[in-house]
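These are the residues of each chain, in order.
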Amino acid sequence: MIKVISDVSGDIVLPSGLITIPRAIFQNNERITSITVPEGVKTIDWDAFKYCSNLSRIVLPDSLESLGMYSIEYCPKVTRLKIGKNVKNIGGSFEGMDNLTLVVDEENEHFVEVDGIIYTKDMTTLVYANPTISGEIVLPSSVTTISESAFSNCSNEFSLVLTDSMSRLDTHAFRLCSGLTEIKLPKNLKEIGYGSLSYCSKLSHIEIPEGVTNIDERAFSSSGLNSIVLPKSLEAIGSRAFDSNDNLKIIFNNSDLPLTIGSVGYGGVAQNAEIIINSDGTVQKIDEYDDVILENDFLYVKTGEKYQLRHYFGSDDIVVLPTEFRGLPVEWYQVGGIKNAVIPDGVTAIAPNAFWYNDNIKTLTIPDSVTSIGEDAFAFYTSITTINFDSCRDVS
């Protein structure tokens, strides 16, 4: 077993005699710059080199057979990784490595590279797309599966035609694919998996083909959609399936599902959509719902004896957050459409969990009147990067 001291740094050459690199052994190490894995090692376990932000070079041995789930991830300085001749398993993603090119040894019997894309040798699974891909890409007809986050590092603009042999988009298949501008889904598709097209920031429109019965949770969360067409065959939409699509205005609903705008709780369709156009020609507007109200460019959702501010549709660059609406307090949980927010003067406390899971606001200004900030006020994936205080003072 390897024992790594906390201050290990620089260029590391691991000792011979090892068979496995243990799980998370170097995770979050920001001091390692290169690492050489010796011959004899067959397995690199889960998270082994995850979040090694200054790691720029990894030398893998010919003896290696398996890369565990997320074993090399969020190491942004690594630009090249060679998959040796004996590697049989590449598990999980290479997220957060925008310039990573995978090179497959010509003698490898399990994987092959074709036009910058890594497939299993039988061409049924797409494992990883190198960031150099661009233009129009048509997948081979044999492909049935796309691995998790396979396109996560592709920032060059490209369009994609999927093969009709695919019946499901797997979890996170295109997550964080910022270069995807257009995708033609397979005619035999039945299910769009969890987060499969989330954070595709340049994907503005998509038509879901007839035959699709299920859109899973967060399938299109935080993508660039401004319109979407749903098929009549649709039977279920997971919670937050279109959440945080700031530009999504219209949902063409050809299904028999009674869609709800406003993402009430977690069961709604899209918190930012303005209208749903049903197959019979009727139009649902958000002001038709008693618990979803648009007023002065703010979208409110009533939950019990309070309102949640869910979205701002106005054009102001800096927005003062409302604290009360129709006599009831307002929460700011997961508000969309606001990048620069100001808490109004007179507010004395920021409640616990006030900005949980807030992936829109970048800058927050807090007035001098605030004297307390509740526990976990900015916890759990908040996007806030700058907090401005009106003056220096004691805040509990």
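As a reminder, the structure under discussion sits directly above these lines.
> Help me understand the overall build of the protein in this model?
Along its length, the protein carries zero helices and 36 strands. Counting across all 396 residues of the protein, residues that qualify as buried make up 50%. If you take every contact in the protein between residues at least 6 apart in sequence, the share linking residues at least 24 apart comes to 30%. Surface summary for the protein: the accessible area is close to 17,700 Å², and the carbon and sulfur share equals 48%.

> What is the right way to look at the packing of aromatic side chains in this model?
The description of an aromatic ring pair rests on the distance of the ring centres and on the angle between the ring planes. Inspection of every chain in the model, using the stated rule, returns 14 aromatic pairs. On the basis of an interplanar angle of 10 degrees and a centroid distance of 5.6 Å, the ring pair of Phe 26 and Phe 49 is categorised as stacked. Pair noted here: Phe 26 is in the loop between strand 2 (20–21) and strand 3 (32–36) and Phe 49 is in the loop between strand 4 (43–44) and strand 5 (57–59), with a separation of 23 residues, a long-range link. The two residues Phe 26 and Phe 49 agree in class, both being buried. An aromatic cluster is present here, built from Phe 298, Tyr 300, Tyr 307, Tyr 312 and Phe 325 joined pairwise through their rings.

> Just checking my understanding: could you explain the pattern of salt bridges for this structure?
Once the charged atoms of two side chains with opposite charge are near each other, the side chains can pair. The tally for this structure, following the rule as stated, stands at nine salt bridges. Between Asp 47 and Lys 50 there is a salt bridge, with its nearest N and O atoms 3.9 Å apart. On the basis of relative accessible area, Asp 47 is assigned to the buried category, the value being 10%. Residue Lys 50 is classed as buried on the basis of its relative accessible area, which comes to 14%. Lys 50 is the partner of Glu 73 in a salt bridge, and the nearest nitrogen-oxygen pair spans 3.3 Å. Linking Glu 73 in the loop between strand 6 (66–67) and strand 7 (80–83) with Lys 50 in the loop between strand 4 and strand 5, this pair joins segments that are 23 residues apart in sequence. Overlapping salt bridges bring together Asp 47, Lys 50 and Glu 73 as one network.

> Could you clarify how one ought to interpret the sheet that holds strand 14 (residues 145–146) in this entry?
The pairing of strands in a sheet happens through backbone hydrogen bonds and is either parallel or antiparallel. Pairing in this open sheet of four strands is mixed, and the strands run 10-11-12-14 from one edge to the other. Pairing within the sheet leaves two strands with one partner each, and these edge strands are strand 10 (111–114) and strand 14. With three bridges connecting them, strand 11 (residues 117–120) and strand 12 (residues 125–129) associate as antiparallel partners. Note that in strand 12 the partner of Tyr 119 across the bridge is Leu 126.

> Got a minute to help me understand the sheet that holds strand 36 (residues 386–389) in this structure?
Taken together, four strands build an open sheet; the order of strands is 29-32-34-36 and the sheet is parallel. The open sheet has two free edges, formed respectively by strand 29 (318–320) and strand 36, since each of these has just one partner strand. Averaged over all adjacent pairs, the angle separating strand axes in this sheet is 20 degrees, with direction ignored. As judged from the three bridges shared by strand 32 (residues 340–342) and strand 34 (residues 363–366), these two strands associate in the parallel manner. Note that in strand 34 the partner of Val 342 across the bridge is Thr 365.

> Any chance you could explain the environment of Glu 235 here in plain terms?
Along the chain, Glu 235 turns up in the loop between strand 21 (227–230) and strand 22 (236–237). For Glu 235, a relative accessible area of 60% translates into the label exposed. Placed 22 residues apart in sequence, Glu 235 and Leu 257 show a C-alpha to C-alpha distance of 6.8 Å. Leaving out residues up to four positions away in the same chain, Glu 235 has contacts with Thr 213 and Leu 257.

> Would you mind going over the environment of Val 347 with me for this structure?
Among the structural elements, Val 347 can be located in the loop between strand 32 and strand 33 (349–350). By relative accessible area, Val 347 is classed as buried at 16%. Considered as a pair, Val 347 and Asp 368 are 21 residues apart in the sequence and their alpha carbons are 8.8 Å apart. Setting aside anything within four residues of it in sequence, one finds Val 347 in contact with Thr 323, Pro 367, Ser 369 and Val 370.

> Help me out: how do you make sense of unusual backbone geometry in this one?
Apart from glycine, the bulk of residues carry a negative phi angle, and the bulk of peptide bonds sit in the trans form. Although it is not a glycine, Asp 47 adopts a positive phi angle of roughly 60 degrees. Tracing the chain through its elements places Asp 47 in the loop between strand 4 and strand 5. Unlike most non-glycine residues, Ser 222 shows phi in positive territory, near 60 degrees.

> So what exactly am I meant to see when it comes to the nonpolar core here?
Generally speaking, a soluble globular protein has its nonpolar side chains buried in company with each other. Membership of the largest hydrophobic core comes to 46 residues, with the highest contact counts inside it found for Phe 151, Phe 174, Ile 215 and Phe 220. Of all elements in the fold, only strand 11, strand 12, strand 15 (158–161), strand 17 (180–184) and strand 21 reach the threshold of two or more residues within this core. The residues touching Phe 220, leaving out its near neighbours within four places in the chain, are Ile 192, Leu 197, Ser 198, Ile 206, Ile 208, Ile 215, Leu 225, Ile 228, Ala 241, Phe 242, Asp 243 and Asn 245. Within the second largest apolar cluster, 35 residues are counted, among which are Phe 26, Leu 55, Leu 102 and Val 127.

> Honestly, a negative patch on the surface in this entry has me stumped. Any pointers?
Together, Glu 39, Asp 62, Glu 106, Glu 107 and Glu 109 make up a region of like negative charge exposed at the surface. As for its position among the elements, Glu 106 is in the loop between strand 9 (101–104) and strand 10. Since its relative accessible area comes to 80%, Glu 106 is described here as exposed.

> Even after reading the chapter, I still don't get the side chain of Ser 71, so can you show me in this structure?
In this fold, Ser 71 is placed in the loop between strand 6 and strand 7. Excluding anything up to four places from it in sequence, Ser 71 contacts Ile 44, Asp 45, Trp 46, Asp 47, Ala 48, Phe 49 and Lys 50.

About the cut-offs
Residues numbered from 1 in each chain as written. Predicted model: local features only at pLDDT ≥ 70, side-chain atom pairs only at ≥ 80, totals over all residues. Heavy atoms only, no water. Helix = DSSP H or I, 4+ residues; strand = E, 2+ residues; numbered from the N terminus. Buried < 20%, exposed > 50% of the residue type's maximum accessible area, 1.4 Å probe, protein only. Contact = heavy atoms within 4.5 Å. Areas by Shrake-Rupley, 256 points an atom, 1.4 Å probe, with all protein chains shown as cover. Phe/Tyr/Trp six-rings, centres within 6.5 Å; stacked < 30°, edge-to-face > 60°. Salt bridge = Lys/Arg side-chain N within 4 Å of Asp/Glu carboxyl O. Pairing = 2+ DSSP bridges. Axes fitted to C-alpha atoms, helices over the stretch in contact; angles between N-to-C directions. Core = buried A, V, L, I, M, F, W, Y, C linked by side-chain atoms within 4.5 Å. Patch = residues over 30% accessible without salt bridge, like charges linked within 9 Å, V, L, I, M, F, W, Y side chains within 5 Å. Lys, Arg positive; Asp, Glu negative; His and termini not counted. Charge placed at Lys NZ, Arg CZ, Asp CG, Glu CD.

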